[in-house]
Amino acid sequence: LAVTGAGLAASTALINAHVIDAPIAAYLNTVGVPIISAANLPELAIKWLHGANMGIVLTAMGGYGTYLGWQIRSGNGENETLTGDLVRELHPKLMGAMALFFFLGGQGGLVFMLIQDKPLLESPHAITAFAGLGLLAANGVLGKTMKSDETKRTLHALLGSSLMAVFGVHAALGLNLGLSL
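Residues numbered from 1 in each chain as written. Predicted model: local features only at pLDDT ≥ 70, side-chain atom pairs only at ≥ 80, totals over all residues. Heavy atoms only, no water.

Q: Would you mind going over the overall build of the chain with me for this structure?
A: Check the secondary structure of the chain and you find seven helices and zero strands. Computed over the C-alpha atoms, the radius of gyration of the chain is 18 Å, within 12% of the 16 Å expected from 2.2 N^0.38 for a compact globule of 181 residues. Taken over the C-alpha atoms alone, the chain extends approximately 50 × 35 × 25 Å along its principal axes. Expressed as a percentage of its 181 residues, the buried residues of the chain come to 39%. Of the contacts made within the chain by residues no fewer than 6 positions apart, 74% connect residues no fewer than 24 positions apart. Of the roughly 10000 Å² that the chain leaves accessible, carbon and sulfur atoms contribute 68%. On the chain, the mean spot of the 9 positive side-chain charges and the mean spot of the 10 negative ones are 6 Å from each other. (Helix = DSSP H or I, 4+ residues; strand = E, 2+ residues; numbered from the N terminus. Rg over C-alpha atoms; globule rule 2.2 N^0.38 Å. Buried < 20%, exposed > 50% of the residue type's maximum accessible area, 1.4 Å probe, protein only. Contact = heavy atoms within 4.5 Å. Areas by Shrake-Rupley, 256 points an atom, 1.4 Å probe, with all protein chains shown as cover. Lys, Arg positive; Asp, Glu negative; His and termini not counted. Charge placed at Lys NZ, Arg CZ, Asp CG, Glu CD.)

Here it is as structure tokens:
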């Protein structure tokens, strides 16, 4: 939990410093905004598409990936999943894909904020996004390097579970943000 708290504190400091606002806005106005604007999406999609997509990723990939992680922890890593992969093989694939979708989806959420002429990175939702992505990356590195070190395996499992809690709070904050727009 201390690692999760440190991640949230670091994200808060980064967001509140406003040093990344202009570069992110410039990037998104060059790449994402023209593409999404050209799609001429209805207002409902602009407001809720990011949340709907990320909610699916969180529950389907994150929920199942977390379950698989605890199955590995419980000694069931050699069991076969519905995909034919072993549990211990599918867990990192699924969580890595979730991280990629979150990274790309986060950019989509920021693009939608720009299209709606709303400020970037000024909400608790932005703080939990940066914290979640940073901690997810750190946990992925830990997962790749832990080998059979029991302390690192325990840290990986606990950090992974606390990450899901951070993303749950993140989803609630996103819902609140969407309702306030």
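Q: Just checking my understanding: could you explain the environment of Ala45 for this structure?
A: As for its position among the elements, Ala45 is in helix H4 (residues 43-73). Owing to a relative accessible area of 17%, Ala45 belongs among the buried residues under this scheme. A C-alpha to C-alpha distance of 25 Å links Ala45 and Ala22, two positions 23 residues apart in sequence.

Q: Would you mind showing me how to read the pattern of salt bridges here?
A: For side chains bearing opposite charge, pairing can occur when the charged atoms are close. Counted under the stated rule, the structure contains four salt bridges. In this structure, the salt-bridge partner of Arg88 is Glu78, at a minimum N-O distance of 2.5 Å. Taken together, the positions of Arg88 in helix H5 (residues 87-115) and Glu78 in the loop between H4 and H5 put the pair 10 residues apart, joining distant regions of the chain. Using a relative accessible area of 40% as the deciding quantity, one classes Arg88 as partly exposed. Residue class for Glu78 comes out exposed when judged on its relative accessible area of 53%. Notably, a salt bridge pairs Asp85 with Lys93, separated by 3.0 Å at the nearest N-O pair. Looking at Lys93, the relative accessible area reads 49%, which means it is partly exposed. (Salt bridge = Lys/Arg side-chain N within 4 Å of Asp/Glu carboxyl O.)

Q: Even after reading the chapter, I still don't get the packing of helix H6 (residues 124-145) against helix H7 (residues 150-180), so can you show me in this structure?
A: Packed helices, taken two at a time, are described by the angle between their axes plus the distance between the axes. Contact geometry for H6 and H7: axes closest at 9 Å, N-to-C directions at 160°. The orientation of H6 with respect to H7, classified from their angle, is roughly antiparallel. Handedness of the crossing formed by H6 with H7: left-handed. Where H6 abuts H7, its residues Pro124, His125, Thr128, Ala129, Gly132, Leu133, Leu135, Leu136, Asn139, Leu142, Gly143 and Thr145 lie against Lys152, Leu155, His156, Leu159, Gly160, Leu163, Val166, Phe167, His170, Leu173, Gly174 and Leu177. A breakdown of the residues in the contact of H6 with H7 according to their chemical character gives 13 nonpolar, 10 polar and one charged. (Axes fitted to C-alpha atoms, helices over the stretch in contact; angles between N-to-C directions. Parallel < 35°, antiparallel > 145°, perpendicular 65-115°, else oblique. Left-handed = near helix turned anticlockwise from the far one by under 90°. Nonpolar A, V, L, I, M, F, W, Y, C, P; charged D, E, K, R; others polar.)

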